[in-house]
Amino acid sequence: MSDATEANGTAGAAEPAGSDPTGKRHVRVVLVDDHRMFRTGVQAEIGQTAETGVEVVGEAADVDQAVSVITATRPEVVLLDVHLPGGGGVEVLRRCAALMADAERPVRFLALSVSDAAEDVIGVIRGGARGYVTKTITGTDLVDSVFRVQEGDAVFSPRLAGFVLDAFASTDAPPVDEDMDRLTQREREVLRLIARGYAYKEIAKQLFISVKTVESHVSAVLRKLQLSNRHELTRWATARRLV
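Reading the values: the criteria
- Residues numbered from 1 in each chain as written.
- Predicted model: local features only at pLDDT ≥ 70, side-chain atom pairs only at ≥ 80, totals over all residues.
- Heavy atoms only, no water.
- 1 Å grid on protein atoms, 1.4 Å probe; cavity = no way out; pocket = protein on both sides within 12 Å on 5 of 7 lines; lining within 4 Å.
- Points joined across faces, edges and corners; volume = space filled by probe spheres on them.
- Helix = DSSP H or I, 4+ residues; strand = E, 2+ residues; numbered from the N terminus.
- Nonpolar A, V, L, I, M, F, W, Y, C, P; charged D, E, K, R; others polar.
- Buried < 20%, exposed > 50% of the residue type's maximum accessible area, 1.4 Å probe, protein only.
- Lys, Arg positive; Asp, Glu negative; His and termini not counted.
- Salt bridge = Lys/Arg side-chain N within 4 Å of Asp/Glu carboxyl O.
- Contact = heavy atoms within 4.5 Å.
- Polar contact = N/O pair within 3.5 Å; in protein donor to acceptor, adjacent residues only side chain to side chain.
- Pairing = 2+ DSSP bridges.

Summary: where empty space remains is shown by rolling a probe the size of a single water molecule over the atoms. Overall, the coordinates contain two cavities of 30 Å³ or more when judged by the stated rule. Counted as a void, the largest cavity has a volume near 60 Å³. Every residue lining the largest cavity is listed: Leu31, Val32, Asp33, Phe38, Arg39, Val42, Leu79, Asp81 and Leu112. Looking at the lining of the largest cavity, the elements that each hand over two or more residues are β3 (25–32) and α1 (36–46). Here the lining of the largest cavity takes three residues from α1, the largest share from any one element. Class assignment for the residues of the lining of the largest cavity results in six nonpolar, no polar and three charged. Lining the second largest cavity are His35, Asp81, His83, Ser113, Val114, Lys135, Arg186, Glu189, Gln206, Leu207 and Phe208.

Here it is as structure tokens:
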């Protein structure tokens, strides 16, 4: 359930990366996620600057807001959701390519998503993100990941690094799956969770949507894939190694 909240940031607030006057490490961060509740949670978890060194200087809920806030605030690190209204995280990366390429004050991106699908991971890394972690990460580990990305390291949740290594080691383009192409990004997320045995209530909680919305997505997936029930759907997903 996306909320089209107004982006906010501190225009012209860009400062050199590194440490504050007391010598403590410090990083300026923008949060990009279409769920206000999640952004609030991340802000509460990592944004206590005196304790963590992380200063949240802006937030955005869709692609246009994200580009506007990132351009205005010039953070060191952007925590970027993969699935956003307006084209997704890959579109944000495309439109911020010049900021990422700035040799003196590069803006670096760390994907933070509920999805652990290979195509999502590979897509944002090809787009220029420095890492990809899932939303199961702890606050302490997220803070550490942000600082590592600020310093230029690549950061991944453990099992996701293999996707990237495999993708960049291969010279073959991934095959086109016409059935998968019929599904929206959100439908793909619901598909994977259903195939992994999650109940509708569990999916709703994990994706920050209502149970009714989950049911609607499942119906759409079954219709598009011409399947009859979740058991057939699970077999379909398993055959494509999506589980």
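Okay, back to it.
Attention now moves to the side chain of Asp120. Among the structural elements, Asp120 can be located in helix α6 (residues 118–127). Buried within the structure, Asp120 lacks any salt-bridge partner; Arg192 is the closest side chain of opposite charge, at an N-O distance of 4.8 Å. Residues within four places of Asp120 in sequence aside, it is in contact with Val82, His83, Ser115, Tyr132 and Gln185.

Here Thr213 lies in helix α12 (residues 211–225). Classification of Thr213 as partly exposed rests on a relative accessible area of 29%. Linking Thr213 and Tyr200, residues 13 residues apart in sequence, is a C-alpha distance of 9.5 Å. In terms of polar contacts, Thr213 uses its side chain to reach the side chain of Ser210, at 2.8 Å.

In terms of burial, strand β4 (residues 54–60) is largely enclosed, as six of its seven residues are buried. For β3 and β4, the ladder comprises six bridges, and the chain directions are parallel. In the sheet register, Val29 faces β4, and the bridge partner there is Val56.

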